[in-house]
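What the coordinates show
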Amino acid sequence: HAETLVDNIILYIRLGFAILGIFGNILTIILMTRKRFRKNNMSIYLTSLAISDLLFVCVGISELNLNSMKYLSGNLPFCMVGRFLTQCSTYVSCWTLVFISIERLIAIAFPQKFKIWLSKKTTISVVVTLWLLFSLTGLYHFFGWQMTEFTTIDSQVIVFCVPNPKFEFYFTKIWTVSDMVIYS
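Residues numbered from 1 in each chain as written. Predicted model: local features only at pLDDT ≥ 70, side-chain atom pairs only at ≥ 80, totals over all residues. Heavy atoms only, no water.

**A look at a positive patch on the surface**
A cluster of basic side chains, namely Arg34, Lys35, Arg36, Arg38, Lys39 and Lys120, defines a positive patch on the protein surface. Relative to the helices and strands, Lys35 resides in the loop between helix H1 (2-32) and helix H2 (41-64). Assessed through its relative accessible area of 65%, Lys35 is described here as exposed. (Patch = residues over 30% accessible without salt bridge, like charges linked within 9 Å, V, L, I, M, F, W, Y side chains within 5 Å. Areas by Shrake-Rupley, 256 points an atom, 1.4 Å probe, with all protein chains shown as cover. Salt bridge = Lys/Arg side-chain N within 4 Å of Asp/Glu carboxyl O. Lys, Arg positive; Asp, Glu negative; His and termini not counted. Charge placed at Lys NZ, Arg CZ, Asp CG, Glu CD. Helix = DSSP H or I, 4+ residues; strand = E, 2+ residues; numbered from the N terminus. Buried < 20%, exposed > 50% of the residue type's maximum accessible area, 1.4 Å probe, protein only.)

The following block contains the structure:
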């Protein structure tokens, strides 16, 4: 029973963080899209960041399936979309933070040129480019995964989403290098 108790505690902690993440990101999106906050570039970055984080949290909740990391009923489309959204939202979050830092650096180092170099149009272009770029780089998730059944010791069948062996070269060589470059 101790193992079940620990599993339940971990589950409730995860769900608590998920609920907090959903509430916080929805609140951020609502606030940042109000007229008062739309005047500055930071609201565009923060809205994009909140959307990507919300996608990540929602996919994470559905992947948990309240019991384990198995996918709902061995659903291959959900597996592929979940992997795609997880990667895309993670990359967009990371690179949005990079561009927020660059914008802050320019604001401090070149205050007179800030408004010229970083207009609202430029910020929107950066955010749209991030979403498009990382959506394109994540398209391989629609081809590289498959559902595999595993039987546990107590004869329970669990279905997992795993990399397709046909794409082993991609996952072991290309994906690891592309992740390293994108996250660097």
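**Quick notes on the packing of helix H3 (residues 76-109) against helix H5 (residues 120-137)**
Their axes nearest at 9 Å, the elements H3 and H5 cross at an angle of 150°. Taken together, the axes of H3 and H5 are roughly antiparallel relative to one another. Handedness of the crossing formed by H3 with H5: right-handed. When H3 is examined against H5, the residues Phe84, Gln87, Cys88, Tyr91, Val92, Trp95, Thr96, Phe99 and Glu103 are found in contact with a partner set consisting of Thr123, Val126, Leu130, Trp131, Phe134, Ser135 and Thr137. Here the contact of H3 with H5 is built from residues that sort into ten nonpolar, five polar and one charged. (Axes fitted to C-alpha atoms, helices over the stretch in contact; angles between N-to-C directions. Parallel < 35°, antiparallel > 145°, perpendicular 65-115°, else oblique. Left-handed = near helix turned anticlockwise from the far one by under 90°. Contact = heavy atoms within 4.5 Å. Nonpolar A, V, L, I, M, F, W, Y, C, P; charged D, E, K, R; others polar.)

**Description of the pairing of strand S2 (residues 157-163)**
Pairing analysis gives seven bridges linking strand S1 (residues 145-151) to S2, with the strands arranged antiparallel. Looking at S2, one finds that Thr151 is bridged to Val157. In textbook terms, the turn of a hairpin is the stretch between consecutive antiparallel strands, and for S1 and S2 this stretch comprises five residues, one of which, Ser155, has a positive phi near 65°. (Pairing = 2+ DSSP bridges.)

**Side note on the pattern of salt bridges**
Summed over the entire model, instances satisfying the criterion amount to one salt bridge. Linking Arg104 and Glu103 is a salt bridge whose minimum nitrogen-to-oxygen distance equals 3.4 Å. Arg104 sits in the partly exposed class, given a relative accessible area of 38%. By relative accessible area, Glu103 is classed as buried at 2%.

**Describing the side chain of Asn164**
As for its position among the elements, Asn164 is in the loop between S2 and helix H6 (168-183). On the basis of relative accessibility, which here comes to 12%, the residue Asn164 falls in the buried class. Polar side-chain contacts of Asn164 include one of 3.0 Å to the backbone nitrogen of Lys166. Every residue in contact with Asn164, bar those within four places of it in the chain, is listed here: Phe143, Gly144, Trp145, Gln146 and Phe171. (Polar contact = N/O pair within 3.5 Å; in protein donor to acceptor, adjacent residues only side chain to side chain.)

**Quick look at the environment of Trp175**
Looking at the element boundaries, Trp175 is found in helix H6. Considered as a pair, Trp175 and Thr137 are 38 residues apart in the sequence and their alpha carbons are 10.0 Å apart.

**Remarks on the nonpolar core**
If you look at the biggest cluster of nonpolar residues, it comprises eleven residues: Met42, Ile44, Tyr45, Cys88, Tyr91, Val92, Ile100, Val126, Val127, Leu130 and Phe134. Elements with a contribution of two residues or more to this core: H2, H3 and H5. If sequence neighbours within four positions are ignored, Val127 has contacts with Ile44, Tyr45 and Ser48. Judged by nonpolar contacts, the second largest core, of seven residues, contains Cys79, Tyr140, Trp145 and Cys161. (Core = buried A, V, L, I, M, F, W, Y, C linked by side-chain atoms within 4.5 Å.)

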